Amino acid sequence: MIWENPSYLWLLLLIPAVVTLLWWKSRRIRAMQQKYFSDELFKSLRTGYWSLGKRLKTISMLVGLFFLVLAFAGPKIGTEVREIKRQGIDMLVALDLSASMNAEDVRPSRLEKAKFEINRLIERLRGDRVGLIVFTGEAYLQSPMTLDYSALRLFLDIADTEQMPSSATDFNAAMETAMEAFDALDENESEAAKVLLIVSDGEDHSQSYSEALNELVDEGILVYTLGIGTADGTTIPIYEEGTNRLIGYKRDNNGQVVTTKLQSQTLQNIANQGNGEYYSIERGNDGIDAFLARMDDLEKGEFASQEYADYKNQYQWMGALALLFIFTSLAIPGSIKEN
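This write-up is about the structure you can find in this document. Here the structure is a predicted model, which means the values were calculated and not measured.

**Here we look at the overall build of the chain**
Thought 1: Of regular secondary structure, the chain possesses ten helices and 15 strands.
Thought 2: Taken across its 339 residues, the chain has 39% of its residues classed as buried.
Thought 3: Nonlocal contacts in the chain, meaning residues at least 24 apart in sequence, comprise 82% of its contacts between residues at least 6 apart.
Thought 4: A total of about 19500 Å² of accessible surface is found on the chain, and carbon and sulfur atoms cover 52% of it.

**A look at the pattern of salt bridges**
Thought 1: Tallied over the entire structure, the rule returns eleven salt bridges.
Thought 2: The salt bridge involving Glu-112 is made with Lys-115; its shortest N-O contact spans 3.8 Å. Remark: Lys-115 and Glu-112 occur in helix α4 (residues 110–124); sequence separation between them is three residues, near one turn of the helix.
Thought 3: The class for Lys-115 is buried, based on a relative accessible area of 8%.
Thought 4: Across the pair Lys-113 and Glu-117 runs a salt bridge, and its minimum N-O distance is 2.9 Å. In this pair, Lys-113 and Glu-117 both sit in helix α4, four residues apart, roughly one turn of the helix. With respect to class, Lys-113 is no different from Glu-117; both count as buried.
Thought 5: A cluster of three or more residues bridged by salt bridges with shared partners is formed by Lys-113, Glu-117, Arg-120 and Asp-289.

**Considering the pairing of strand β13 (residues 278–281)**
Thought 1: What you see with β13 is a clean split: Tyr-279 and Ile-281 sit on the buried side and Tyr-278 and Ser-280 on the side with no burial.
Thought 2: Pairing geometry for strand β8 (residues 221–228) and β13, over four bridges, is parallel. Looking at β13, one finds that Leu-226 is bridged to Tyr-279.

**Comments concerning a nonpolar patch on the surface**
Thought 1: Among the surface-exposed residues, Tyr-8, Leu-11, Leu-14, Val-18, Leu-22 and Phe-72 lie close enough to one another that they form a single nonpolar patch of about 530 Å² accessible area.
Thought 2: Looking at the nonpolar patch element by element, the count peaks at three residues for helix α1 (residues 14–36).
Thought 3: Within the secondary structure layout, Phe-72 lies in helix α3 (residues 51–73).

**Some remarks on the packing of aromatic side chains**
Thought 1: The full count for this structure, using the stated rule, is eight aromatic pairs.
Thought 2: Taken together, a centroid distance of 5.9 Å and an interplanar angle of 50° make the contact between Phe-135 and Phe-171 tilted. Pair noted here: Phe-135 is in strand β5 (residues 129–135) and Phe-171 is in helix α6 (residues 171–183), with a separation of 36 residues, a long-range link. Each member of the pair, Phe-135 as well as Phe-171, carries the same accessibility label: buried.

**Some remarks on α4**
Thought 1: Taking 1.5 Å per residue as the helical rise, α4 with its 15 residues ought to reach 21 Å, and the 21 Å between its terminal C-alpha atoms agrees with that figure.
Thought 2: For α4, the full list of buried residues reads Arg-110, Leu-111, Lys-113, Ala-114, Lys-115, Glu-117, Ile-118, Asn-119, Leu-121 and Ile-122.

**Focus: the nonpolar core**
Thought 1: Ranked by size, the top nonpolar core spans 35 residues in total, and within it Met-91, Leu-95, Leu-121, Val-199, Leu-226, Phe-291 and Met-295 carry the most contacts.
Thought 2: Of all elements in the fold, only β4 (90–96), α4, β5, α5 (149–157), β7 (194–200), β8, β13 and α9 (289–295) reach the threshold of two or more residues within this core.
Thought 3: Sorting elements by how many residues they give to this core places α4 first, with five residues.
Thought 4: Ignoring sequence-local partners within four residues, the contact set of Leu-226 consists of Leu-197, Ile-198, Val-199, Ser-200, Leu-267, Tyr-279, Ser-280, Ile-281 and Ile-288.
Thought 5: One finds Leu-92, Ala-94, Ala-173 and Tyr-209 within the second-largest nonpolar core, a separate group that totals 26 residues.

**As for the side chain of Ser-109**
Thought 1: Assignment of secondary structure puts Ser-109 in the loop between β4 and α4.
Thought 2: Residues within four places of Ser-109 in sequence aside, it is in contact with Met-101, Asn-102, Ala-103 and Glu-104.

**Some remarks on unusual backbone geometry**
Thought 1: The omega angle of the peptide bond from Arg-107 to Pro-108 is -5°, so this bond is cis rather than trans.
Thought 2: Phi is positive for Asn-275, which is not a glycine, with a value near 60°.
Thought 3: Its location among the elements puts Asn-275 in the loop between α8 (264–273) and β13.

**Description of α6**
Thought 1: For α6, built from 13 residues, the straight-helix expectation of 18 Å at 1.5 Å per residue is met to within 8% by its first-to-last C-alpha distance of 18 Å.
Thought 2: Within α6, the full set of buried residues consists of Phe-171, Asn-172, Ala-173, Ala-174, Met-175, Thr-177, Ala-178, Met-179, Ala-181 and Phe-182.
Thought 3: The residue sitting at the N-terminus of α6 and contributing the capping side-chain oxygen is Asp-170; that oxygen lies 2.9 Å from the backbone nitrogen of Asn-172.

What counts, and where the lines are drawn
- Residues numbered from 1 in each chain as written.
- Predicted model: local features only at pLDDT ≥ 70, side-chain atom pairs only at ≥ 80, totals over all residues.
- Heavy atoms only, no water.
- Helix = DSSP H or I, 4+ residues; strand = E, 2+ residues; numbered from the N terminus.
- Buried < 20%, exposed > 50% of the residue type's maximum accessible area, 1.4 Å probe, protein only.
- Contact = heavy atoms within 4.5 Å.
- Areas by Shrake-Rupley, 256 points an atom, 1.4 Å probe, with all protein chains shown as cover.
- Salt bridge = Lys/Arg side-chain N within 4 Å of Asp/Glu carboxyl O.
- Pairing = 2+ DSSP bridges.
- Patch = residues over 30% accessible without salt bridge, like charges linked within 9 Å, V, L, I, M, F, W, Y side chains within 5 Å.
- Phe/Tyr/Trp six-rings, centres within 6.5 Å; stacked < 30°, edge-to-face > 60°.
- Expected span 1.5 Å × (residues − 1).
- Core = buried A, V, L, I, M, F, W, Y, C linked by side-chain atoms within 4.5 Å.
- Polar contact = N/O pair within 3.5 Å; in protein donor to acceptor, adjacent residues only side chain to side chain.

The values are spatial; any link to function lies outside them.
The structure is reproduced here in structure tokens:
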């Protein structure tokens with residue numbers, strides 16, 4: 001047994017307190033009776049008084065209060081199986097963690113802005129399954145497809161450019177990992193739309209992604225892209241580990257300071273070939289509202305029904321017993337007629 005509102009159980013302490021008070025009151029009345037009246041006179045003055053009925057009234061009222069407190073505490077006993085049906089889309093978010101995502105042409109940085117907007121996306125989800133891929137020159141499934149949005153946020157929060165072994169960008173690796181994640185889903189489980197959202201500044205330093213992208217398209221997966229950064233570009237700051245102190249800017253092999261720019265054309269080409277759309281965030285107040293609106297138009301599918309075992313509420317029985325004893329207490333007479 002568990003309790004929905006266990007704090008109410010503290011009220012049970014009032015019952016022995018009331019019993020003690022009634023006992024003290026009875027003793028005091030008895031003492032005053034013996035002081036001013038003889039037993040014969042007192043008995044004659046209380047013609048018809050039913051002492052057993054008085055005790056039964058008191059006991060019934062106390063038992064009723066006992067069950068009333070238990071009802072307020074919300075006892076749960078046994079299990080109740082409930083079926084919940086989920087409807088939504090299957091979506092993977094591929095987040096670029098290359099070093100260029102640390103650029104600050106979009107405040108506070110491209111990466112932090114991307115994570116903020118993905119969190120906004122998660123807040124809008126209602127029954128949609130979503131997973132997270134992080135990628136640079138390699139790609140990893142940071143979070144499998146899930147309905148547990150709290151867990152997804154935890155995986156998103158720890159995503160950082162320092163966690164990846166490479167600082168370059170490889171869209172091909174992200175797409176191949178996405179294909180593997182979608183293949184892992186039960187095809188008979190849902191007819192929901194399948195969506196891959198790539199969040200990146202568009203800089204691609206890898207092999208061609210066309211083959212992997214075509215494979216996604218052949219499987220009916222829609223590929224959307226979200227570009228973060230400005231066309232003018234900026235440098236990539238380097239901060240001292242553990243502090244926010246700026247210690248320099250990223251340089252290439254020749255010692256020249258690297259400038260990174262939003263490569264919107266690459267992302268537009270991916271979205272066009274992937275039957276999706278391209279969106280961009282070029283300022284701190286930009287967002288992915290257009291993509292959020294597009295989500296509502298995508299085909300929703302019913303995922304496999306999920307059964308949850310839970311403790312079943314039993315407060316109704318406690319409440320019924322409480323009312324029974326309270327009404328019984330009120331119905332028992334305190335006196336009886338004598339013939």
